[in-house]
Amino acid sequence: MSGRPFRVLGIESSCDETAASVVDDGRSVRSDVVASQNEVHARYGGVVPELASRAHILNVVPVVQAALDRAECTLADIDGIAVTNAPGLVGALLVGLQTAKALAWATGKPLVGVHHLEGHLTAIYLEPDPPPLPHLALIVSGGHTSLVRVGGPGDLVELGATRDDAAGEAFDKGAKLLGLGYPGGAVIDKLAKTGNPRAVEFPRSMTADVHRADFSFSGLKTALLHHVRAKGVPDGQELADLCASYQAAIVEVLVRKTRRTARKLGIGHVQICGGVAANSGLRAAMEQAGAEDDFKVYIPPIGRCTDNAAMIAAAGYHRLVRGERDSLDLDAAPSKPLARQS
Ligand code: KG4
Ligand code: ZN
């Protein structure tokens, strides 16, 4: 190659963010545009799939255009197109996918489908000091919670996952119960900052060794429901205390399982990714665990923990330079797993 960077347009629409980004060589982000649908879904306390699809349809072309404009380029300067095709809401996925396919067909540029969680795992490679291979990854998003050994491209082994609610779901459902709106993670995080994490006792589920690296968060949500039924939804300091206690229960389980798995595997490098990796309590607790147990912790900046297309462009870049191509038959795969099970 001539030394000119390999430029990828990434498109993401798997849930409730319409995003597009232009990334050079899988490292250098030229633009990163995210249109959030929080206002569309807030009144329902969760994502309404049909409304998400419709909002994606309205947003996708302007978002792609904005990504190209901010990158100061046109489609002619793009070397490949990467799009999330799995997993997610099928109607939402299809909007980004059809757009990417139409652009690939019209321009003749290569197309590659990216698994959304592979995107989350790749976000950290946009930072100056990414983790070496192999490393352990805790993926914590609205739909997924899993511990994955990342050995290299295509070498992903899932060591444990949630049996029921994902960590992000636990935050969102907890916030809904407390009348705090959607998405709930960031709101609980903010309130928890001034609360006492030991004020209310919540269960730490599946922390015994027999449960290995699997998680369960639905019991915690039920415990909060019982608490609220018995005592009502508090306000002021008591609300902050309740949020801090609820958050601490989620964070403690995530950190305990991650450090135990890192120790068992003898792995000294741990990344956290996905929307819940934006949580200040989790970030601090994992850093502390790393300092105590001697593993290095890698966490993307907050905007690259939550859904974005820069991570999809970066993951797509690595596939494209390995020669991978998808045809225009590429389909949405709403529940495709990321990794091989251990
Ligand atoms: O990765 P993401 O943007 O979308 C999915 O792939 O699901 O993750 C969204 C999730 C939501 O459940 C949201 O409440 C949670 O990430 N989240 C947080 C925080 N910011 C976003 N959870 C806890 N603390 C936060 N600061
Ligand atoms: Zn995500």
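Residues numbered from 1 in each chain as written. Chains lettered and ligands numbered in written order. Predicted model: local features only at pLDDT ≥ 70, side-chain atom pairs only at ≥ 80, totals over all residues. Heavy atoms only, no water.

Brief notes about unusual backbone geometry
Next, step 1: Residue P87 is reached from A86 by a cis peptide bond, and omega for that bond is -25 degrees.
Next, step 2: Tracing the sequence through the fold places P87 in the loop between strand 4 (80-86) and helix 3 (90-107).
Next, step 3: Residue P183 is reached from Y182 by a cis peptide bond, and omega for that bond is -10 degrees.
Next, step 4: Inspection of the secondary structure puts P183 in the loop between helix 5 (167-177) and helix 6 (184-192).
Next, step 5: Here the phi dihedral of D294 falls at roughly 65 degrees; this positive angle occurs in a residue that is not glycine.
Next, step 6: By the element assignment, D294 lies in the loop between helix 9 (280-293) and strand 10 (296-298). (Helix = DSSP H or I, 4+ residues; strand = E, 2+ residues; numbered from the N terminus.)

Quick word on the sheet that holds strand 2 (residues 17-24)
Next, step 1: One open sheet holds the five strands; their spatial order is 3-2-1-4-5, and the pairing between them is mixed. Every other strand in the sheet has two partners, leaving strand 3 (28-36) and strand 5 (111-115) as the edge strands with one partner each. If you compare each strand with its neighbour and ignore which way they point, the axes differ by 20 degrees on average.
Next, step 2: Two strands pair when backbone bridges link them, and strand 1 (residues 7-12) and strand 4 are joined in this way by four bridges, in the parallel orientation. Counterpart to G10 in the pairing with strand 4 is A82.
Next, step 3: Of the strands in this sheet, strand 1, strand 2 and strand 3 are in contact with helix 2 (residues 49-70), which crosses strand 2 at around 20 degrees.
Next, step 4: Packed onto the sheet, helix 3 meets strand 1, strand 4 and strand 5 and runs at close to 155 degrees relative to strand 4. (Pairing = 2+ DSSP bridges. Axes fitted to C-alpha atoms, helices over the stretch in contact; angles between N-to-C directions. Contact = heavy atoms within 4.5 Å.)

Looking at the site of ligand 1
Next, step 1: Near ligand 1 lie 21 residues; those nearest to it are G142, D172, D189, N279 and D307.
Next, step 2: Take D189: an N or O atom from its side chain is 2.9 Å from a nitrogen atom of ligand 1.
Next, step 3: The contact in question runs from a nitrogen atom of ligand 1 to an N or O atom on the side chain of N279, over 3.0 Å.
Next, step 4: Here ligand 1, which alone exposes 560 Å², has 90% of that area covered by the protein.
Next, step 5: Elements that contribute at least two residues to the shell around ligand 1 include exactly helix 4 (116-122), helix 5 and helix 6.
Next, step 6: In terms of residues, the shell around ligand 1 owes the most to one element, helix 6, which gives four residues. (Near = heavy atom within 4 Å. Polar contact = N/O pair within 3.5 Å; in protein donor to acceptor, adjacent residues only side chain to side chain. Areas by Shrake-Rupley, 256 points an atom, 1.4 Å probe, with all protein chains shown as cover.)

Considerations on the domain arrangement of the protein chain
Next, step 1: Per the domain assignment, the segments making up the protein chain are domain 1 (7-121 + 305-321) and domain 2 (132-299).
Next, step 2: Once you take the C-alpha centre of each, domain 1 and domain 2 turn out to be 27 Å apart.
Next, step 3: Domain 1 puts 14 residues into the contact, and the matching count from domain 2 is 16 residues.
Next, step 4: Of the roughly 1200 Å² buried between domain 1 and domain 2, counting both surfaces, carbon and sulfur atoms make up 72%.
Next, step 5: In terms of surface lost to domain 2, no three residues of domain 1 exceed L117, L121 and C305, which account for 48% of the buried area on that side.
Next, step 6: Applying the counting rule to domain 1 against domain 2 returns zero salt bridges.
Next, step 7: Between domain 1 and domain 2 we count three residue pairs in polar contact (both at pLDDT 80 or more) in total.
Next, step 8: Where the side of domain 1 that touches domain 2 is concerned, the elements lending two or more residues are helix 1 (38-42) and helix 4.
Next, step 9: Considering only residue class, the side of domain 1 that touches domain 2 consists of seven nonpolar, six polar and one charged. (Domains from an automatic or database assignment. Buried area = accessible area lost by both parts, 1.4 Å probe. Salt bridge = Lys/Arg side-chain N within 4 Å of Asp/Glu carboxyl O. Nonpolar A, V, L, I, M, F, W, Y, C, P; charged D, E, K, R; others polar.)

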